[in-house]
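The lines below spell out each chain.
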Amino acid sequence: MHRAWTEFRTRGRIVAVVVAALLTVLPGLLLAVADRSTCSAGTVEIPCPADPIGPDGTAVRDQFTFAHRPLGREGSVTVRLTSLTGIITYPPPDHDEIVPGLVPWAKAGLVLKDGTRPGSAYAALVLTAEHGVRMQHDFVHDTAGSPERLTGPRWLRLTRSGDRVTGDESTDGVRWTTVATVDLPELPETVLVGLAVTSPGNLTLVPTGLGASAGQDRFTQATAVFDSASVDGVPVSGWTEALIGESGATDWEKFHQAPGVVEADGTVTVTGSGDIGPASGPGGHTPAGLLVGLVAGLLVLAVVAARFAAGGDLRARARVVGAVSFVVGLVAAAVVVPVGSAVLRANGGVVLPVPWPVVLRVVVGVGVVAAATAVLAFAAAVLLRRAWAAVLVVVAVLPAPYSVAVVPLLPDEVARWLLRVTPAAGFAVEQTVEEFPQVVGHYAPSTGYFPLPWWAGLLVLCGYAAAAFGLAFRRHSAVTSTDLAAQPY
């Protein structure tokens, strides 16, 4: 190892690894410096709006119409949902009309919430258009109840006991079935409870060329009719209306059907749009966006590794080139991610909150990707006996599949396949956004979603590197044995 390190430590190679680090860091920092986000309200410049942040630090969507009243530490609210209808604007295939209908995750029901601030803790028992009854809380948690659609009146009940909330459903108001019981830590003495309606956008995938597609959200709206509302068994009326999040800005809401609450003849009609759940899509800058220079840095490391493959102890030289590349990737990511994020925030950009353990995982993961890439290039050079050929192989199996998948230049399914079966799967370490089944989104590599978890992607890349090095070591050993056998005694 000492001899291999001494041989590696030439001026040319040291300069090259420094260049690799700079190529990884500088593009991300330049992007952060150049990104100056400004927004305005009329003629007044204001900070650009960001997604609300949920109780666990996740970026969320919290937009719905809420008819509410106060509830203490103990109590329950019961209601009967009799109707759920809606509209979808400009639906496929022609995108030229407004039609009646509901998107699958349009929802109506009961919500218990810590105030009206978007992102505050909540528990909800709702009936959805196509996914039955659901018990949801704090945006990322979702429990299924009965799967049936609304074919007749459906009774819903939320019961609070301290920080514990239980959701029950019934078809007749007599026989009840518990959907789930959830804990909402540190709820205040008094919360808001009541009727809620929301309807997320209708996602349409629009072709962008070469089979690739981009997601477009179409405005939708839902209207629910409730009756038989009671709190602790006592009939109630006189609900307070609140529009959580930004509502009422579309032409449809301005000129046709405004969001809101209408009480008449013992019924409550609630109209709303939006969603209550995790934010779908990045919705801001992520660590992956600051690692735009990673591909260039990896290519330089691949060249260094391939040119270092000739001569000496193969295992020692591979360890040295892998260790150096790991340090370069680790240090570069540890600089560009936090510094770039700070610059973006200073410029008014929206930076999605990422827990520090996830940031640490990204930084270390980039180091592992750099090390595995270098070892792969090193092994390819031993097998092909040409450094330039080894670098071409690395380009073909790492940066090329990754680039065409995320630009995007390929259909989503092809892009996902490439990022499953090629060494480019290792780029999954960049992912910090999560896919949620209860949220409709364009979950594709082009929007920051990789088909494999970060650890599985790393295993694929490291598996290729280990297999290539194993073949290279066998060939090197066989060639060495042949040379020794040919020598005269």
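Please refer to the structure placed before this passage.
Residues numbered from 1 in each chain as written. Predicted model: local features only at pLDDT ≥ 70, side-chain atom pairs only at ≥ 80, totals over all residues. Heavy atoms only, no water.

Draft legend 1. Molecular detail of the pairing of strand β8 (residues 122-128). Most of β8 sits out of view: seven of its seven residues are buried. Both faces of β8 are covered, namely the face carrying Y122, A124, V126 and T128 and the face carrying A123, L125 and L127. Summarising the sheet, strand β7 (residues 107-113) and β8 pair through seven bridges and their orientation is antiparallel. Looking across to β8, one finds that K107 is bridged to T128. Strand direction decides the pairing type here: β8 and strand β9 (residues 133-137), joined by five bridges, are antiparallel. (Buried < 20%, exposed > 50% of the residue type's maximum accessible area, 1.4 Å probe, protein only. Helix = DSSP H or I, 4+ residues; strand = E, 2+ residues; numbered from the N terminus. Pairing = 2+ DSSP bridges.)

Draft legend 2. Molecular detail of unusual backbone geometry. The residue E186 is not glycine, and still its phi comes out positive at about 60°. Position of E186 among the secondary structure elements: in the loop between β13 (177-183) and β14 (191-198). Phi is positive for S228, which is not a glycine, with a value near 55°. Within the fold, S228 resides in strand β17 (residues 220-231). You can call S228 partly exposed: its relative accessible area is 36%.

Draft legend 3. Quick look at the pattern of salt bridges. The full count for this structure, using the stated rule, is eleven salt bridges. R134 is the salt-bridge partner of D142, the closest N and O atoms lying 2.4 Å from each other. Of the residues examined, D142 reaches a relative accessible area of 25% and is grouped as partly exposed. Across the pair R416 and E413 runs a salt bridge, and its minimum N-O distance is 2.6 Å. Taken together, the positions of R416 and E413, both in helix α10 (residues 412-421) and three residues apart, correspond to about one turn of that helix. Accessibility expressed as a relative area gives 16% for R416, which makes it buried. Look at the salt bridges and you will find they share partners, linking R3, E7 and R317 into a network. (Salt bridge = Lys/Arg side-chain N within 4 Å of Asp/Glu carboxyl O.)

Draft legend 4. Structural detail: the environment of A405. Note on placement: A405 falls in helix α9 (residues 399-406). Taking the C-alpha atoms as reference points, A405 and V234, 171 residues apart in sequence, are found 58 Å from one another.

Draft legend 5. Looking closely at helix α2 (residues 11-34). End to end, α2 covers 33 Å across 24 residues, agreeing with the expected 34 Å (1.5 Å per residue, within 8%). Burial in α2 covers these residues: A16, V17, A20, T24, V25, G28, L29 and A32. Lining the buried residues of α2 we find α1 (2-8), α4 (287-290), α5 (294-307) and α6 (314-346). (Expected span 1.5 Å × (residues − 1). Contact = heavy atoms within 4.5 Å.)

Draft legend 6. Quick peek at the sheet that holds β7. The strand order β10-β9-β8-β7-β14-β4-β19 describes an open sheet built from seven strands, whose pairing is antiparallel. Pairing within the sheet leaves two strands with one partner each, and these edge strands are β10 (141-144) and β19 (240-244). When strand polarity is set aside, the average angle formed by the axes of neighbouring strands in this sheet is 25°. (Axes fitted to C-alpha atoms, helices over the stretch in contact; angles between N-to-C directions.)

Draft legend 7. Here's a closer look at the environment of G57. Among the structural elements, G57 can be located in the loop between β2 (44-46) and β3 (60-62). The class of G57 is partly exposed, set by a relative accessible area of 25%. Residues G57 and P353, spaced 296 residues apart in sequence, show a C-alpha to C-alpha distance of 6.6 Å.

Draft legend 8. Main features of the nonpolar core. Membership of the largest hydrophobic core comes to 68 residues, with the highest contact counts inside it found for F8, L291, V321, V336, F378, F427 and F469. Per-element tally for this core: the top contributor is helix α7 (residues 356-384), with 15 residues. Once residues within four sequence positions are removed from consideration, V336 is found in contact with T24, V25, G28, L29, L290, L291 and S341. Counting residues in each nonpolar core, the second largest holds 40 residues, with L71, A129, V193 and A222 among its members. (Core = buried A, V, L, I, M, F, W, Y, C linked by side-chain atoms within 4.5 Å.)

Draft legend 9. Representation of a nonpolar patch on the surface. On the surface, W5, I14, V18, L22, L26 and L30 cluster together into a nonpolar patch covering about 520 Å² of accessible area. Tallying contributions element by element places α2 first for the nonpolar patch, with five residues. Position of V18 relative to the elements: it lies in helix α2. Given a relative accessible area of 43%, V18 falls into the partly exposed group. (Patch = residues over 30% accessible without salt bridge, like charges linked within 9 Å, V, L, I, M, F, W, Y side chains within 5 Å. Areas by Shrake-Rupley, 256 points an atom, 1.4 Å probe, with all protein chains shown as cover.)

Taken by themselves, the reported measurements are silent on function.
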